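Residue-level listing of the chains:
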Amino acid sequence: MMGKVLAAMIVLSALAAGGAMYYFQVYGYYTEVTASGVDDVQMTPVGTSMPETILYEDFQAIDADSSPIRYRACFTTPTSVATLTETYEIYDGGAPRVAPGWFDCFDAEEIGTLIDQGRAVVFLGERNMEFGIDRVVAVVDDGRGFVWHEVNDCGDKTYDGSPLGEDCPVRNLNDGDT
């Protein structure tokens, strides 16, 4: 009888721990980002390094302090992709990261397909917005837009232990980067 009670306690503990891990990964760490109306959607113009705000509406975003790549946002813009392409720097290799299922405006698989089909263009939002992390913005030909964070070359080198190149900025550990 004691063995059954002990086995039941182990199973219940494992289920509780599994449920808690699931909750924290999908819901617990995320917070809704309140739109400021000023700099929520920014892109970097060609030939500069300072991002500027574009016209946008219907902004929704989530973020988490637990990781710099958990940011996701959705918006709409009246500006055409053709105009944006002439004005802002295109970002090579941007691939959206999966968002929690409850944040239903951001479907990484659909966005990736739109990029592959040439119906969406990925732009540089802000390079090294946090050391080794770029903010990127994808805009679809129907005016929908999406924002997420990408680990850039400096971040890849830092995390795999490779020497940093001269094009990487100085990392300031006092600004919260660890």
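Right above here is the structure, for reference.
Residues numbered from 1 in each chain as written. Predicted model: local features only at pLDDT ≥ 70, side-chain atom pairs only at ≥ 80, totals over all residues. Heavy atoms only, no water.

(A) Up close: the overall build of the chain. For the chain, the helix and strand inventory stands at 4 helices and 8 strands. Start at the N end of the chain and walk to the C end: the helices and strands fall as α-β-β-β-β-β-α-α-β-β-β-α. The C-alpha atoms of the chain give 20 Å as radius of gyration, which overshoots the globular expectation for 178 residues (16 Å, by more than 25%). Seen through its principal axes, the chain has C-alpha atoms that stretch 75 × 40 × 30 Å. Classification of the 178 residues of the chain by burial places 37% in the buried group. Summarising the internal contacts of the chain: among those between residues at least 6 apart in sequence, 54% fall at separations of at least 24. (Helix = DSSP H or I, 4+ residues; strand = E, 2+ residues; numbered from the N terminus. Rg over C-alpha atoms; globule rule 2.2 N^0.38 Å. Buried < 20%, exposed > 50% of the residue type's maximum accessible area, 1.4 Å probe, protein only. Contact = heavy atoms within 4.5 Å.)

(B) Up close: the side chain of histidine 149. Position of histidine 149 among the secondary structure elements: in strand E8 (residues 144–151). On the accessibility criterion, histidine 149 (3% relative accessible area) is buried. In terms of polar contacts, histidine 149 uses its side chain to reach the side chain of arginine 135, at 2.9 Å. With residues up to four places along the chain from it excluded, the contact list for histidine 149 reads Pro68, Ile69, Tyr71, Arg97, Met129, Ile133, Asp134 and Arg135. (Polar contact = N/O pair within 3.5 Å; in protein donor to acceptor, adjacent residues only side chain to side chain.)

(C) Region of interest: a negative patch on the surface. A cluster of acidic residues, Asp153, Asp156, Asp160, Glu166 and Asp167, forms a negative patch at the surface. For glutamate 166, the location among the structural elements is in the segment after helix H4 (153–160). We classify glutamate 166 as exposed; its relative accessible area is 85%. (Patch = residues over 30% accessible without salt bridge, like charges linked within 9 Å, V, L, I, M, F, W, Y side chains within 5 Å. Areas by Shrake-Rupley, 256 points an atom, 1.4 Å probe, with all protein chains shown as cover. Salt bridge = Lys/Arg side-chain N within 4 Å of Asp/Glu carboxyl O. Lys, Arg positive; Asp, Glu negative; His and termini not counted. Charge placed at Lys NZ, Arg CZ, Asp CG, Glu CD.)

(D) Here's a closer look at the state of the cysteines. What the rule picks out here adds up to 1 disulfide. For cysteine 74, the disulfide goes to cysteine 105, at an S-S distance of 2.2 Å. Disulfide cysteine 74-cysteine 105: torsion about the S-S bond near 85 degrees, hence right-handed. Taken together, the positions of cysteine 74 in strand E5 (residues 72–76) and cysteine 105 in the loop between helix H2 (81–87) and helix H3 (108–116) put the pair 31 residues apart, joining distant regions of the chain. Residue cysteine 74 is classed as buried on the basis of its relative accessible area, which comes to 5%. (Disulfide = S-S within 2.5 Å.)

(E) The arrangement of the environment of glutamine 117 in detail. With respect to the helices and strands, the residue glutamine 117 is situated in the loop between H3 and strand E6 (120–130). Residue glutamine 117 is classed as exposed on the basis of its relative accessible area, which comes to 51%. A sequence separation of 18 residues divides glutamine 117 from arginine 135, and the C-alpha atoms of the two residues are 22 Å apart.

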